[in-house]
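Each chain, written out:
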Amino acid sequence: MLRALLGRWRSSLRLLRPAHVEADHAKISVTQLGHRYGNKVVALQDVDLNVRSGELVCLLGPSGCGKSTLLYALAGHVQPTGGTVSIDGQRISGPGPDRLLMFQEAALFPWLTVRGNITFALAARGVPRSERKERADQYIRRVQLQGFEETLPHQLSGGMKMRASLARALAVDPTVLLMDEPFGSLDAQTRIHMQELLQSIWMRTHKTIVFVTHDVHEALMLGTRVVLMAPRPGRIVRDLEVHLPMPRHPEDAALTEMVRHVQGLLREVERNTLPEATPPRATAPAASSPPLPASGLPRPAR
Amino acid sequence: MKRDAPLKNYAQKLGLVVVLLGLWEGLSRLGIWSPYLFPGPVTVSKSLWSMASDGRLLDATLRSLGRLGRAYVVSVAIGVPLGLLMARLAFFRNAVKPVVMGLQALPSICWLPLALLWFGLTDTSILFVVVMGSVLGIAIATEDSVQGVDPQLLRVASTLGVRGLRFQFGVLLPAALPGIVTGLKLGWSFAWRALLAGELLFVSGGLGQLLTVGRELMDVPQVMAVMVAIIIIGITVDRVLFQTVEGRLRRRWGLEGAM
Ligand SMILES: Nc1ncnc2c1ncn2[C@@H]1O[C@H](COP(=O)(O)OP(=O)(O)O)[C@@H](O)[C@H]1O
Ligand SMILES: [Mg+2]
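The structure reproduced in this document is the subject of the present report. Just so it is clear, the model here is predicted, and its values are computed rather than measured. (Residues numbered from 1 in each chain as written. Chains lettered and ligands numbered in written order. Predicted model: local features only at pLDDT ≥ 70, side-chain atom pairs only at ≥ 80, totals over all residues. Heavy atoms only, no water.)

A separate point is helix H3 (residues 67-75) of chain A. Residues and elements named next belong to chain A. Of all 9 residues that make up H3, 8 are buried, and the element is covered over most of its length. When H3 is considered as a whole, its buried residues turn out to be Lys67, Thr69, Leu70, Leu71, Tyr72, Ala73, Leu74 and Ala75. Positive backbone phi, approximately 90°, marks Gly76, located one or two places after H3. (Buried < 20%, exposed > 50% of the residue type's maximum accessible area, 1.4 Å probe, protein only. Helix = DSSP H or I, 4+ residues; strand = E, 2+ residues; numbered from the N terminus.)

Shown next, in the form of structure tokens:
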């Protein structure tokens, strides 16, 4: 109890520690990724990123720094012009059933009900007809949309649409969930609700999630890791582990402290004055800070 | 609050129609033109009634609509798949679409001489003209609405792994359906025009011939009465069939602001 209290007062710097994940421990492994649009705009340059299984990684950065491009490359929807993306050591070459991409819009099929949207997705994944309805309803409950099974998307509010979309994504059970500013178009209140919902779902399932956002508070509220990106060319400038246990409260003092710290970093990114982080392997191989074992991540009490 | 607004709207429209009819009747009674050439609505409705009661009108209407129905089914059966192919396959887009666009510029009645040479003075000639008049419009509208499908839905279908026939019939077709139905409605009105143009030109037993007979007998009230009947039939089919289907579809798809 006392230790937990003390933990709140520890400086944000101790709660935010540089992440070092070896490629051979990683679920997702991105090496030397580069991408140019129309061979002109350098959207990504020399991006290295390793994501462990069960991590919730937030890609954070100003608009235009290549967050979406990186995410789409993970999804296989963008063919990068350089470097590789591997999942479980297998190099990917396109979209696959192990990864699912969610967009800022709920993108529900407007002619299908909430349940219809989910059963349709399950059908596409080859789930037998007899199991679809039950599984759909299970995920509808999980996102707290009971009573709206037969509702059409245009009759739902923005937050409810997003929950339906989330239920559809979870129901097809991808091993990696990729989310591109999924709560970006929601109002502040709904947004907090969705963040809490996603936290509780992540705590139950420990799905590997890569979550794109330009909102610092959202990144620290959700991420077990926050990857800070900078534009022109799009690159990673900081990769920080967030040692704050879930569930997190939006007004938590330590969270607020960390938000302030990361906002400072972000301002430097925007002014282009942030010095490059010391390359973890090149100068001091695992000496300055030993690679954290997976158990070092904040795990929820079950 | 706005519940009686539609009623008021109808009353206003009806009032306007009555005023116009009164104006027409008054004008014909002034005797500026011969009453044989410019009869009033009373004379015209008498003629309409006599054609309706001796069965001539019903006969002609059934004939015309029967023809239209057959030709329209053919048009839809060819036009919709053709539109889908133009939207989805490069060959059709590059080779067939320009031809379709070109032929679409041709008024449908221009097909009649060719039809008469090919099929003679038969029903088939009229059917051919009607099909040529509507199939291209339906194909182009279908192609348009498939091209205009929300790219977000296509992306989500791809990330959910929806492929093949399930994609074509479960995503693409329903997403394009409201646009396709609008195209079908347009196609129907093209077909209706082409049909009457065709029927005017030779002994066909339809509404078009009823018009021709009226002209040959110099019976202006009959000509006007048939015109009125054609207008009423056209509006009825459009309202009853297409607007209902279109409205329902658009509501279900959430395209109309029915919140
Ligand atoms: N389809 C595209 N064609 C050309 N340039 C693009 C395209 N998509 C994104 N870009 C450019 O690539 C850069 C990174 O874009 P993006 O990945 O969308 O950034 P973010 O998601 O961080 O806002 C931006 O400069 C953007 O203008
Ligand atoms: Mg983006």
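All names here are of chain B. One number sums up the size of the second largest pocket: a volume of about 710 Å³. Together, 16 residues line the second largest pocket, and Val17, Val228, Ile231, Ile232 and Ile235 are the ones closest to its centre. Listed by contribution, the elements that provide at least two residues to the lining of the second largest pocket are helix H1 (5-30), helix H2 (41-53) and helix H10 (220-252). Taken together, the residues of the lining of the second largest pocket break down into 13 nonpolar, 1 polar and 2 charged. (1 Å grid on protein atoms, 1.4 Å probe; cavity = no way out; pocket = protein on both sides within 12 Å on 5 of 7 lines; lining within 4 Å. Points joined across faces, edges and corners; volume = space filled by probe spheres on them. Nonpolar A, V, L, I, M, F, W, Y, C, P; charged D, E, K, R; others polar.)

All names here are of chain A. Taken in spatial order, the 7 strands of this open sheet run E1-E11-E10-E4-E9-E8-E7, and their pairing is mixed. Of all strands in the sheet, those with a lone pairing partner are strand E1 (16-18) and strand E7 (99-102), marking the two edges. Mean inter-strand twist for the sheet, computed between neighbouring axes without regard to direction, equals 25°. Summarising the sheet, strand E10 (residues 225-230) and strand E11 (residues 235-242) pair through 6 bridges and their orientation is antiparallel. Across the sheet, residue Met229 finds its bridge partner in E11, namely Ile236. Packing against the sheet, helix H7 (residues 188-205) makes contact with strand E4 (56-60), strand E8 (176-180) and strand E9 (208-213), and its axis sits at approximately 160° to E9. (Pairing = 2+ DSSP bridges. Axes fitted to C-alpha atoms, helices over the stretch in contact; angles between N-to-C directions. Contact = heavy atoms within 4.5 Å.)

Let us look at the interface of chain B and chain A. The interface of chain B with chain A comprises 21 residues on the first partner and 24 residues on the second. Across the interface of chain B and chain A, roughly 2,000 Å² is buried in total on both sides, 64% from carbon and sulfur atoms. Together, B:Thr159, B:Leu160 and B:Arg252 form the three largest contributors to the area buried by chain B at its contact with chain A, with a combined 31%. Counting the contacts that link chain B with chain A gives 0 salt bridges. Taken together, chain B and chain A are joined by 8 residue pairs in polar contact (both at pLDDT 80 or more). Among the elements of the structure, helix H7 (151-159), helix H8 (164-201) and H10 of chain B are those that each provide at least two residues to the side of chain B that touches chain A. (Buried area = accessible area lost by both parts, 1.4 Å probe. Salt bridge = Lys/Arg side-chain N within 4 Å of Asp/Glu carboxyl O. Polar contact = N/O pair within 3.5 Å; in protein donor to acceptor, adjacent residues only side chain to side chain.)

Our focus in this paragraph is the packing of helix H9 (residues 207-216) of chain B against H10(B). All names here are of chain B. Remark: H9 packs on H10, axes separated minimally by 8 Å, with the N-to-C direction vectors making an angle of 160°. In terms of their interaxial angle, H9 and H10 are classed as roughly antiparallel. By crossing handedness, the relation of H9 to H10 is classed as left-handed. Counting all contacts with H9, which are made through Leu207, Leu210, Leu211, Val213, Gly214 and Arg215, the residues of H10 involved are Gln222, Val223, Val226, Met227, Ile230 and Ile233. Its residues assigned to classes, the contact of H9 with H10 shows 9 nonpolar, 2 polar and 1 charged. (Parallel < 35°, antiparallel > 145°, perpendicular 65-115°, else oblique. Left-handed = near helix turned anticlockwise from the far one by under 90°.)

This paragraph deals with empty space enclosed by the protein. If you walk through the whole model with that rule in mind, you get 1 cavity of 30 Å³ or more. The computed volume of the largest cavity comes to approximately 40 Å³. Along its surface, the largest cavity is lined by A:Leu100, A:Leu101, A:Met102, A:Ser165, A:Arg168, A:Ala169, B:Val156, B:Thr159 and B:Leu160. Where the lining of the largest cavity is concerned, the elements lending two or more residues are E7 and helix H6 (158-171) of chain A together with H7 of chain B. When its residues are assigned to classes, the lining of the largest cavity shows 6 nonpolar, 2 polar and 1 charged.

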